[in-house]
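Residue strings, one per chain:
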Amino acid sequence: MNQEEQLNVVAEEEGDASNEGRVPPFQTPKGVHDILPIDHDFFTFIKKVVRHRCRQAGYKRITTPMFEFTEVFKRSIGDTSDIVSKEMYTFQDRKGRSLTLKPEATAAIVRSYIQNNMSQLPQPVELYYIEPNFRYDRPQAGRYRQFWQFGFEVIGESDPALDAQAILLAQRIFGDLGIADSLKLQINNIGDMASRAVYAEALKDYYCGKERYLSEEDRGRLLKNPLRLLDSKHEDTIILNQSAPKFKDYISKESQEFHDEVLEYLTDLGIGYTENPTLVRGLDYYNQTVFEFWDEKKGAQNSVGGGGRYDGLTELLGGQPTPAIGFAMGMERVIAQMKRNKVRVPSKDDLHVFVAQLGREAKKICLPLIDQLRENGIKTMGALGKGAFKNQLKIADKFKVPYCVLIGLTEVREKTAIIRNMKVGTQVTVPFSKVVEEVVKRIGKENLDVYDPKDPI
Ligand code: HAM
């Protein structure tokens, strides 16, 4: 796994050092990882960006359960898809019911749309989510067994302008995250059910007699879902695909017009795209527009995000026919892309002050002082263990605090405190009652971290 893309690189390095080369007895299972503080900065930043963009566009957040009845995913994503056929974490509960950890959110959200009568709300219903998904995928760089997705769904309307708008929202988010320029939009129209069925027959005819060139996996696809051959990773199939019938010869007039209109809007919005006739996506619920964002240098293997229209899914899950479109991006892949692009995440986590003390009386004074500093918006840490001043200052240095407040035996007696500027090494003694005021002066009011519970969420 590429170091840059590996999320728990710091933990592993630190683990190695502290365990002196010994393998710790317990490790995460293959394909899953801890999200360490260093990467939480990225996660928090992404959440902030997507919340902002979604709020601007009127989306509301939704969270569906971590697991659903297996049938929800089987019916939506399709029996022959990789996800359903080999990647689901499926288990039985104590009453023998088959449940599955969510491998993606769209099916669950459509289930929720139907279950909660959302068709009664003004349409379209615009929802977004940030949550973990589970797929028994083959772990490699950017491919995990638990990964996080941000995604959104627009349910209840069909119009090429909505497709363009969904793509624009994704593009704006990538822009805010500093990765839009390194991603290229791939787009295709896979038509309606009827034209896809005719095309699937044409593909079957073309491959009839060529089965011996296909891998076992692709032979299975030919039998069950020939369209998936188009996105095969097997070399022989890729070569055969070049001369296979093209969908553009089978697409209905309506779908072609729909597609042309989407492309026209994208052009008007200044969004560059590559038309990709082999883009079919790995989930069966799509129709018409499908799209993905690829890192130009990495191609399909590492699609950072993708989505499309799924006008038939609501009906498939037992609701009224309801058109919809959506998109999801893998947060780990976004973070890897941000790291490759050397995007720096603004963090508010840096501490302002470290409080060091010596002696029990000093400690007694420091406890309420630390609380007061924090109440005033000063991000404060105190090492209240034993340890000489020198050692405490060493710790303060490691936390890179700009200021230290020191209270020892003399300061307790004289009711004072020392404020030390850690960068230049100068220090002043101030009356204890003035410590907060003096620290605020140095930090600057504009940099204080004051939380007002009345602030809008
Ligand atoms: P998907 O293409 O299966 O689509 O997944 C969306 C994104 O999730 C991918 O582009 C990728 O960034 C990330 N992803 C997928 N699998 C993994 C993995 N094993 N490890 C890390 N990241 C991964 C969907 O899930 C659809 N529900 C998207 C959608 C929403 N379509 C309509 N609405």
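Thresholds applied
Residues numbered from 1 in each chain as written. Predicted model: local features only at pLDDT ≥ 70, side-chain atom pairs only at ≥ 80, totals over all residues. Heavy atoms only, no water. Patch = residues over 30% accessible without salt bridge, like charges linked within 9 Å, V, L, I, M, F, W, Y side chains within 5 Å. Areas by Shrake-Rupley, 256 points an atom, 1.4 Å probe, with all protein chains shown as cover. Salt bridge = Lys/Arg side-chain N within 4 Å of Asp/Glu carboxyl O. Lys, Arg positive; Asp, Glu negative; His and termini not counted. Charge placed at Lys NZ, Arg CZ, Asp CG, Glu CD. Helix = DSSP H or I, 4+ residues; strand = E, 2+ residues; numbered from the N terminus. Pairing = 2+ DSSP bridges. Axes fitted to C-alpha atoms, helices over the stretch in contact; angles between N-to-C directions. Parallel < 35°, antiparallel > 145°, perpendicular 65-115°, else oblique. Left-handed = near helix turned anticlockwise from the far one by under 90°. Contact = heavy atoms within 4.5 Å. Nonpolar A, V, L, I, M, F, W, Y, C, P; charged D, E, K, R; others polar. Buried < 20%, exposed > 50% of the residue type's maximum accessible area, 1.4 Å probe, protein only. Phe/Tyr/Trp six-rings, centres within 6.5 Å; stacked < 30°, edge-to-face > 60°. Lys NZ or Arg CZ within 6 Å of the ring centre and 35° of its normal.

Engineer: Explain a negative patch on the surface here, please?
Structural biologist: On the surface, E157, D159, D260, E261, E264, D268 and E275 cluster together into a patch of negative charge. Considering every element that reaches the negative patch, the biggest residue donor is helix α10 (residues 253-268), with four residues. For E264, the location among the structural elements is in helix α10.

Engineer: Any chance you could explain the sheet that holds strand β16 (residues 427-431) here in plain terms?
Structural biologist: The pairing of strands in a sheet comes from backbone hydrogen bonds and takes either a parallel or an antiparallel form. One open sheet holds the five strands; their spatial order is β13-β12-β14-β15-β16, and the pairing between them is mixed. The sheet terminates laterally at β13 (380-382) and β16, the two strands that pair on one side only. Shown here is a sheet whose adjacent strand axes are inclined to one another by a mean of 25°, direction ignored. When strand β15 (residues 416-421) meets β16, the two strands line up antiparallel, connected through five bridges.

Engineer: Any chance you could explain the packing of helix α2 (residues 37-56) against helix α6 (residues 160-176) here in plain terms?
Structural biologist: In helix packing, the relevant descriptors are the interaxial angle and the interaxial distance, both defined with respect to the helix axes. Interhelical geometry of α2 versus α6 gives an angle of 140° and a closest axis separation of 10 Å. It follows from the interaxial angle that α2 and α6 lie oblique. When you trace α2 past α6, the crossing you get is right-handed. Touching F45, V49, V50 and R53 of α2 are L169, R172, I173 and D176, all from α6. Its residues assigned to classes, the contact of α2 with α6 comprises five nonpolar, no polar and three charged.

Engineer: Looking at this structure, how should I read the pattern of salt bridges?
Structural biologist: Close approach of charged atoms allows side chains of opposite charge to pair. Taken as a whole, this structure holds 22 salt bridges when the rule is applied. E131 serves as the salt-bridge partner of K102, at 2.5 Å between the closest nitrogen and oxygen. One end of the pair, K102, is in the loop between β4 (98-101) and α5 (106-115); the other, E131, is in strand β5 (residues 125-134), with 29 residues separating them in the sequence. A salt bridge links E292 to R281; the shortest N-O distance between them is 2.9 Å. Placement of the pair is E292 in strand β9 (residues 287-295) and R281 in the loop between β8 (273-275) and β9, with a sequence separation of eleven residues. For the pair E292 and R281, one class covers both residues: buried. What you see here is one network of salt bridges that share partners, running through D82, K86, E217, D218, R221, R228, D231 and K233.

Engineer: Even after reading the chapter, I still don't get the packing of aromatic side chains, so can you show me in this structure?
Structural biologist: One pair of aromatic rings is described through two measures. These are the centre distance and the angle between the planes. Across all of its chains, the model carries 17 aromatic pairs by this definition. Relative to F327, the ring of F152 lies with its centre 5.6 Å away and its plane at 40°, an arrangement referred to as tilted. Here F327 lies in strand β11 (residues 324-330) and F152 lies in strand β6 (residues 146-155), a separation of 175 residues in the sequence. Like F327, F152 is buried. Grouped by ring-pair contacts, the aromatic residues Y59, Y128, F150, F152, F174, F291, F293 and F327 constitute a single cluster. The positively charged end of K210 is found above the aromatic ring belonging to Y206, 4.0 Å away from the centroid.

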